[in-house]
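Close look at the chain arrangement
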Amino acid sequence: MSRISSPRADTLSDEARAIFDEMNDYGPFRNLVEAMGHRPTILRHLFGMLLDLRDEAVLPRRALELALVTVSKLNECTYCISHHAPMLQVVGLSKEGIARLPDVDDHPELDDLDKMVVRYAAAVTTRANRMRDAEVTDLRAHFSEAQIVELTWRIALCGAFNRFNDALQLTLEDGVEEFPSNSN
């Protein structure tokens, strides 16, 4: 059970309500959106940015979802894994392939770029202050600097979402299948 209540949507400002409604169309994130609804400024700016990034589609969806699931698995955030694993299935990974993440050694469903993204997401999540220059430089063969910035930002932001969701014990919405945080 969540540690906070859900605000009534009709108590939100018009601008926050528009983002609230659009996020509900974006995916089954209602409990997260409602939690953020307690602070309309957070809702407006954070989800407004995410909606803009989605619309701009600068970062390939597969790379984004690989990164988000990797971060969420490393942080053991069942809420985020359960929401993003299905999106990763849409871009070609099986449940078994997702369960193996972040282990990329001999992963039959990942190409070299996929493995690089997963390793980068793990590095940003677990040792950002100790990364080698090559870990960023290697990405340049496949991504523009704008894409690298967005990938890094989305990885870091995902870690913040993981902590927010877990600290407030947000529960999965009806109809969202729980995807375990580990492969055991």
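Before any of the text, the structure's been laid out above.
Quick notes on the rules
Residues numbered from 1 in each chain as written. Predicted model: local features only at pLDDT ≥ 70, side-chain atom pairs only at ≥ 80, totals over all residues. Heavy atoms only, no water. Helix = DSSP H or I, 4+ residues; strand = E, 2+ residues; numbered from the N terminus. Rg over C-alpha atoms; globule rule 2.2 N^0.38 Å. Buried < 20%, exposed > 50% of the residue type's maximum accessible area, 1.4 Å probe, protein only. Contact = heavy atoms within 4.5 Å. Disulfide = S-S within 2.5 Å. Salt bridge = Lys/Arg side-chain N within 4 Å of Asp/Glu carboxyl O.

With that settled, the discussion passes to the overall build of the protein chain. A tally of regular secondary structure across the protein chain gives 9 helices and 0 strands. The secondary structure elements of the protein chain, listed N-terminal to C-terminal, are α-α-α-α-α-α-α-α-α. Relative to its length of 184 residues, the protein chain is compact, with a C-alpha radius of gyration of 17 Å against a globular reference of 16 Å. Reported as C-alpha extents along the three principal axes, the dimensions of the protein chain are approximately 50 × 35 × 30 Å. For the protein chain, with 184 residues in total, the buried portion stands at 44%. Pairs at least 24 apart in sequence give 72% of the contacts found in the protein chain among residues at least 6 apart.

Turning our eyes to something else, we now look at the state of the cysteines. Inspection of the entire model under this criterion finds 0 disulfides. The thiol of Cys-77 is unpaired, and the distance to the nearest cysteine sulfur, on Cys-80, comes to 3.7 Å. Given a relative accessible area of 0%, Cys-77 falls into the buried group.

For residues other than glycine, phi is negative in most cases, and the peptide bonds are mostly trans. Residue Pro-102 is bonded to the preceding Leu-101 through a cis peptide linkage, with omega at 10°. Positionally, Pro-102 belongs in the loop between helix 6 (95-100) and helix 7 (112-127). Despite not being glycine, Ala-57 shows a phi value in the positive range, around 50°. Tracing the backbone through its elements, the reader meets Ala-57 in the loop between helix 3 (40-56) and helix 4 (61-74). Residue classification places Ala-57 among the exposed residues on the basis of a relative accessible area of 55%.

Let us look at the side chain of Arg-154. As for its placement among the helices and strands, Arg-154 is situated in helix 9 (residues 145-167). Once you skip the residues sitting within four places of it in the chain, Arg-154 turns out to touch Leu-50, Leu-53, Leu-64 and Leu-68.

What follows covers the pattern of salt bridges. Throughout the structure, instances matching the rule amount to 10 salt bridges. Residues Glu-65 and Arg-61 are paired through a salt bridge, measuring 2.9 Å at the closest nitrogen-oxygen approach. Placement of both Glu-65 and Arg-61 in helix 4 is noted, with a separation of 4 residues, approximately one turn of the helix. Exposure remark for Arg-61: the relative accessible area of 32% places this residue in the partly exposed category. The partner of Asp-114 in a salt bridge is Arg-62, and the shortest N-O contact between them spans 2.8 Å. With a gap of 52 residues between them, Asp-114 in helix 7 and Arg-62 in helix 4 connect regions that are remote in the sequence. According to the relative accessible area criterion, Asp-114 is buried, its value standing at 6%. With a relative accessible area of 22%, Arg-62 lands in the partly exposed category.

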